[in-house]
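Geometric and topological summary
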Amino acid sequence: MASAVETAIRGVVTKGITAVATFNRKRQDADQDHPFLTGIHTPIHEERTITDLKVTGTIPAELAGRYVRIGPNPFKPDPRGHHWFIGDGMVHGVRLKDGQAEWYRNRYIRSQILAANGGPTAAPGPRRTQRDGINTNVVQIAGKITAIVEAGSNPAVLDDNLETVAYTDFGGTLTAPFTAHPHEDPLTGEFHAITYDAMTPDRVWHVVLTPEGKVVRELEIPVEHGPSIHECTITRNYVVIFDLPVTFSMKSLIAGQGFPYRWNAEHKARVGLLPRGGTADEIIWCQVDPCYVFHVANSYEDEAGRVIIDSAVYETMFSGGPEGPNGKPLGMERWIVDPKARKVERQTIDASPQEFPRPDERFFGQPYRYAWAMGLPDDGDAAFLGAQPLYRHDLKTGERQTCDFGPNRVPGEFVFVPRSADAPEGEGWLMGYVIDAANETTDLVILDASNIAAPPVASVHIPHRVPPGFHGNWLADA
């Protein structure tokens, strides 16, 4: 925990740096066309409720719940210093029940930043930081719809109609930063996360939540340079830490960039195996060739005690300009981490550019067979526009299925929904939003997860464009 003196000094320094950054940001061109504020990324501002949704195909009767995805949707777009990862959060959800699409709703997350810019009134609840914008993921924690973001802010709880109820520190139990990627262990119901804060570059935290939504562990882990750790993963015995060469950049912050993280060739890339109940001194650190990982498909331990990690990997990240993600994608890789030898062996599963890998979450942290991922454009388009197929990987046979959505149709992350709680792995559906860029409309597409090349099982038609976002989930009714 930081001392009162340390906190006071940091506050004064932060105010000074913020003033310089704000000055330099205002000097930038306010009329520039920003790739993540134009085209299909153009923000929408009207909050809508639509109950007369048209449907093609048949919505499976087993689906009862909400598909909800979140993303940045700046209330007052300003290209100066903008980055895709920042901006007011907006959730977009579709309610399915009894084979019907009951409604579509989109709602802003009621942050204090949004209210200060003239947006809807801020929701109540404790804030850990003044930067309380939330725009990255939506999950269920202890039965509550919870919107989350990395690097500091407390989460926000939403009601069943996606209105922001309040910010939360989990009943006063959360004092550390939180994350956009807590992972639920399906065997225990616990959530594990590796979290960080830009203003505390010398440490990150391992945070554990009980199934009841109470924080029971906030372990400080020493690091250098302020790494941006977007993701973690778990196995039976370990929490995996990705300490990779994207770190806090004071130069970028002072220059007025809203997301001050850059590729840092001086930062050693390493993977840490933290025993679930262990101390920071017990972490098994293993060096890996420089690269970056946003998202993991899954991880587990094999019979030899090695940790197997499947993820979408980049050669570099944030090395080609300040506007958004950039870097050469290396496809889906398998890392074999040997805790005894402290070595990482990297194997290529599929070299095609891809992102947002998702498994059958009932098998997270355990041996598994199937993963689904969104293909990325081969031409490296700065705004992630172009041919983006959906892949299904059979990790036992090596077979890859492909779903091609057609020209001018842009998918986002697709999530797996099991047919029932005890259905075999991979038996169920995939669902996600697909933008029709030519017609400025969007479909919630439902696919047979075992045969994604087949025509959709159903498509729920939303009569406007849902801007590309980040993460979402199927939030089943209790």
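Residues numbered from 1 in each chain as written. Predicted model: local features only at pLDDT ≥ 70, side-chain atom pairs only at ≥ 80, totals over all residues. Heavy atoms only, no water.

1. Describing a nonpolar patch on the surface
Under the convention used in this document: For patches, a residue must show more than 30% relative accessible area and have no salt bridge; joins then use 9 Å for like charges and 5 Å for nonpolar side chains, namely Val, Leu, Ile, Met, Phe, Trp and Tyr. Areas reported as accessible are Shrake-Rupley estimates using a 1.4 Å probe. Residue values count occlusion only from the protein chains shown. For this document, the term salt bridge refers to a Lys or Arg side-chain nitrogen within 4 Å of an Asp or Glu carboxyl oxygen. Secondary structure elements follow DSSP: runs of H or I of four or more residues count as helices, runs of E of two or more count as strands, with numbering from the N terminus. Under the scheme applied here, a residue whose accessible area is under 20% of the maximum for its type counts as buried, over 50% as exposed, and between as partly exposed, the area being computed with a 1.4 Å probe on protein chains only.
A cluster of nonpolar side chains, namely Val20, Met250 and Ile254, defines an oily patch on the protein surface of about 220 Å² accessible area. Secondary-structure assignment places Val20 in helix H1 (residues 4-26). On the accessibility criterion, Val20 (39% relative accessible area) is partly exposed.

2. Brief notes about the nonpolar core
Threshold: The criterion is simple. A nonpolar core is a set of buried Ala, Val, Leu, Ile, Met, Phe, Trp, Tyr and Cys residues joined through side-chain atoms within 4.5 Å.
Within the largest apolar cluster, 53 residues are counted, with the highest numbers of intra-cluster contacts made by Ile194, Ile221, Ile241, Ile309 and Trp335. Of all the elements, strand E15 (residues 238-243) adds the most residues to this core, at 5 residues. Core analysis: the next-biggest nonpolar cluster, separate from the first, contains 21 residues, Val94, Leu96, Leu444 and Ile446 among them.

3. Considering unusual backbone geometry
Notably, Phe318 is not glycine yet its phi reads approximately 60°, a positive angle. Along the polypeptide, Phe318 turns up in the loop between strand E21 (307-314) and strand E22 (329-338). One non-glycine residue, Arg342, lies in the positive phi region at around 55°. As for its placement among the helices and strands, Arg342 is situated in the loop between E22 and strand E23 (343-350).

4. Here's the deal with the sheet that holds strand E11 (residues 191-195)
Stated formally: Strands qualify as paired when DSSP identifies two bridges or more between them.
Strand order in the open sheet formed by 4 strands is E10-E11-E12-E13, and the pairing between neighbours is antiparallel. With partners counted over all chains shown, the strands left at the sheet margins are strand E10 (183-184) and strand E13 (215-222), one partner each. Taken together, the 5 bridges between E11 and strand E12 (residues 203-209) define a ladder with antiparallel strand orientation. Bridged to Ile194 within E12 is His206.

5. Here's the deal with the side chain of Arg95
To keep it simple, the criterion reads: Two residues qualify as a contact provided that any one of their heavy atoms is within 4.5 Å of a heavy atom in the partner residue.
Within the element layout of this structure, Arg95 appears in strand E4 (residues 89-97). Once residues lying within four places of it in the same chain are set aside, the contact partners of Arg95 are Ala64, Gly65, Arg66, Gln100, Ala101, Glu102, Trp103 and Asp477.

6. What to know about the pairing of strand E20 (residues 292-301)
Look at any regular strand and the pattern is simple: side chains alternate between the two faces of the sheet. Among the 10 residues of E20, 10 are classified as buried, and the element is accordingly described as predominantly covered. By the bridge criterion, 7 bridges tie E20 to E21 in an arrangement that is antiparallel. Bridge assignment links Glu301 to a residue of E21, and that residue is Val307. Counting the residues that bridge the hairpin from E20 to E21 gives 5 residues, and of these Gly305 lies at a positive phi of roughly 85°.

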